[in-house]
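# Descriptive analysis of the structure
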Amino acid sequence: MDSASAKSILLSPEVDIQRTQYPYVTGTSVIGIKYKDGVLLAADMGGSYGSTIRYKSVERLKSVGKHSLLGASGEISDFQEILRYLDELILYDNMWDDGNSLGPKEVHNYLTRVMYNRRNKFNPLWNSLVLGGVKNGQKYLGTVSMIGVHYEDNHMATGFGNHLAKPIIRDEWREDLTYEEGVKLLEKCMRVLLYRDRSAVNKLQIAKITEEGVTISQPYSLKTFWNFSAFENPSAGAVGSW
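The next point concerns the sheet that holds strand 13 (residues 213–216). If you trace the five strands from one edge of the open sheet to the other, you get 11-2-3-12-13, paired in antiparallel fashion. The open sheet terminates on both sides in strands that have one partner only, identified here as strand 11 (155–157) and strand 13. Averaged over neighbouring strand pairs, the angle between their axes works out to 10° when direction is ignored. Here strand 12 (residues 204–210) runs beside strand 13; their pairing, made up of four bridges, is antiparallel. Residue pairing for strand 13: Lys208 is matched across the bridge by Thr215. The strands that helix 6 (residues 179–196) touches are strand 2 (30–34), strand 3 (39–44) and strand 12; relative to strand 3, the one it contacts most, it runs at about 25°.

This is the structure:
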C-alpha cells in the first residue's frame, strides 16, 4: 500500500468508529407493564463482563423524545449506539417545528427497521429492547429483538425475565393497576430475578411514562432474604453433584 492510500484510509471517518462483533459488557432483564395511567419499566444496573459482574451503575432506562421510554438488555455499547441513532431521529423530527412529535409507535417501528437492517448485514446490535410510551391518551408497549422480531403486548420481559417474571405477571397483572401496585409487582419480579439470575444485581431503577412525561427513579435496593432452605444447600439431591 502506498502512502497516499494509507493516508486516505487513516483519514476515513469509519476509522474512528469501533463496532462490536460480539457482546462484551451486557445487561440482563428488562420488564415492562402497562398500568392505569401509563407504562412502567424496570431494570437493574448491573453490567457483566462475561460471567463477572464488572459494573454496578449502568443505566439501561432512557427517555426518547416527549412520548417514549426505552429499556435495553444485552450489549451496553450497542445500546449507546442505538441511543445515538434515536438522538439523531428526534433532532431531525424537531427541526421540522410543525407541532408534531414522534410517538412510541413510530419510534418502535423505527427500531424494528434498524435491528432488522443490521441483522441482514450480519452485524447485529446485540440488544433486546422494550419501548413504552403514551401519546394522546393511548398507552403503548412493544419489544424488538436483536434480529428484528417485534410485537406489542400489555406486559413485556427480556432475558431471564421472559422465563421467570412473565409467569408472575400473567397471574397478577390487570389493566387497572395503580402506580403503587405496578411498582410492587415489578419489585416482586426483580426480587425473583435477583435470586435466580446470576447476572442480576440488587440495585435497580423503575421508570414511568404518562401524558405528563417520563420519570426515572433514583437507584435503590430491594429487601432480600437468603436463608431459604433451598439456598443453604442448592445442590442437595442433584444428580451428579459433588
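This is not the end of the story, as more comes after the structure.
Time to look at the nonpolar core. Formed by 20 residues in total, the largest nonpolar core has its most connected members in Ile31 and Ile33. Of all the elements, helix 6 adds the most residues to this core, at six residues. Apart from residues no more than four positions distant in its own chain, Ile33 is found in contact with Gly38, Val39, Leu40, Leu141, Asn154, His155, Ile169, Trp173, Leu177, Gly182, Leu185 and Leu186.

Within this structure, the stated rule accounts for eight salt bridges. Among the ionic pairs, Glu59 bridges to Lys62, the shortest N-O distance being 3.5 Å. The partner of Glu152 in a salt bridge is Lys105, with the nearest N and O atoms 3.4 Å apart. Of this pair, Glu152 sits in strand 10 (residues 150–152) while Lys105 sits in helix 3 (residues 104–120), and the two are 47 residues apart along the sequence.

Cut-offs and rules
- Residues numbered from 1 in each chain as written.
- Predicted model: local features only at pLDDT ≥ 70, side-chain atom pairs only at ≥ 80, totals over all residues.
- Heavy atoms only, no water.
- Pairing = 2+ DSSP bridges.
- Helix = DSSP H or I, 4+ residues; strand = E, 2+ residues; numbered from the N terminus.
- Axes fitted to C-alpha atoms, helices over the stretch in contact; angles between N-to-C directions.
- Contact = heavy atoms within 4.5 Å.
- Core = buried A, V, L, I, M, F, W, Y, C linked by side-chain atoms within 4.5 Å.
- Buried < 20%, exposed > 50% of the residue type's maximum accessible area, 1.4 Å probe, protein only.
- Salt bridge = Lys/Arg side-chain N within 4 Å of Asp/Glu carboxyl O.

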